[in-house]
Amino acid sequence: MSKDTKNAIYNEKLPSGLPWAGVIKKGQTFRIVDLEGCQAVDTLFYNNDNLNDRYSANDTIREQGSIFITTGTKLISTDDNVLMEIVEDTCGNHDTLGGHCSAESNSVRFGLDKKYMHSCRDNYLTIAAQLEMSPKDITNNINFFMNVPVEENGHLAIVDGISKPGDYVEMVAHMDTLVLISNCPQLNNPCNGYNPTPIQLIIWD
Ligand SMILES: [Zn+2]
């Protein structure tokens, strides 16, 4: 059952490469739409009443017994709270192993001349500073719409995305949750199809 955007309390486009922060209150629904397809959306989650209690990739993976994020995934925090739950997913496969891009990873993976290219870590640090959070608060994230299959030998691959234009993922907050997004600016690997594109962010009460 798809919700009507006319009833949304928030409905904004986030251009490629930019950060975003917002609090999704308990019971509210949050949708991220991959408007043009094949766009990685790096996302962090925090208990809004205690920012030390934040999204934990390994607790989430252990609790659900799967490395991929999709419908039914409960986003578990470091204090074992359920922050949010994925309730709809038209893409079917989101990563939480690959981490976010940074000046350091860009220069190691793609060459020293790529060090100064804009990165998700830059976005996170910018917004963390505005919220008086510390760089230590920037830990493991979810890469919505990013395709990171694990090969038989255990190697991770970052390969072409599988999301189509208009694909979306929707989650319901189990508690007031601060969400930080970096709409990934990466140009050097196929996570964005080498062409970062905008996303739509929608919130319903
Ligand atoms: Zn990135």
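See above for the structure.
Values in this document were obtained by computation on a predicted structure and should not be read as measured data. (Residues numbered from 1 in each chain as written. Predicted model: local features only at pLDDT ≥ 70, side-chain atom pairs only at ≥ 80, totals over all residues. Heavy atoms only, no water.)

I'm lost on the environment of Tyr 46 in this one. Help?
Along the chain, the position of Tyr 46 falls in strand β4 (residues 41–47). As a C-alpha pair, Tyr 46 and Met 84 span 38 residues in sequence and 10.0 Å in three-dimensional space. Tyr 46 has contacts with Leu 51, Asp 53, Arg 54, Leu 83, Met 133, Asp 137, Ile 138, Asp 176, Thr 177, Leu 178 and Leu 180, leaving out every residue within four places of it along the chain. Of note is the side chain of Tyr 46, whose polar atom sits 2.7 Å from the backbone oxygen of Asp 137. (Helix = DSSP H or I, 4+ residues; strand = E, 2+ residues; numbered from the N terminus. Contact = heavy atoms within 4.5 Å. Polar contact = N/O pair within 3.5 Å; in protein donor to acceptor, adjacent residues only side chain to side chain.)

Quick question: what am I supposed to make of the sheet that holds strand β6 (residues 74–76) here?
Note on sheets: strands pair through backbone hydrogen bonds, and any given pair is parallel or antiparallel. Taken together, the 6 strands give an open sheet; going across it, the order is β1-β11-β3-β9-β7-β6, and neighbouring strands pair in antiparallel fashion. The open sheet is flanked by β1 (10–14) and β6, the only strands paired with a single partner. On average, each strand axis in the sheet is inclined to that of its neighbour by 20 degrees, with strand direction left out of account. One ladder, built from 5 bridges, connects β1 with strand β11 (residues 199–204); its direction is antiparallel. Counterpart to Leu 14 in the pairing with β11 is Ile 199. (Pairing = 2+ DSSP bridges. Axes fitted to C-alpha atoms, helices over the stretch in contact; angles between N-to-C directions.)

Just to check I follow, could you spell out the environment of Leu 83 for this structure?
With respect to the element layout, Leu 83 can be found in strand β7 (residues 82–89). A relative accessible area of 0% places Leu 83 in the buried class. Taking the C-alpha atoms as reference points, Leu 83 and Ala 173, separated by 90 residues in sequence, lie 6.1 Å from one another. If near-sequence neighbours (up to four positions away) are discounted, Leu 83 is found in contact with Phe 45, Tyr 46, Asn 47, Arg 54, Tyr 55, Leu 75, Ser 77, Val 172, Ala 173, His 174, Met 175 and Thr 177. (Buried < 20%, exposed > 50% of the residue type's maximum accessible area, 1.4 Å probe, protein only.)

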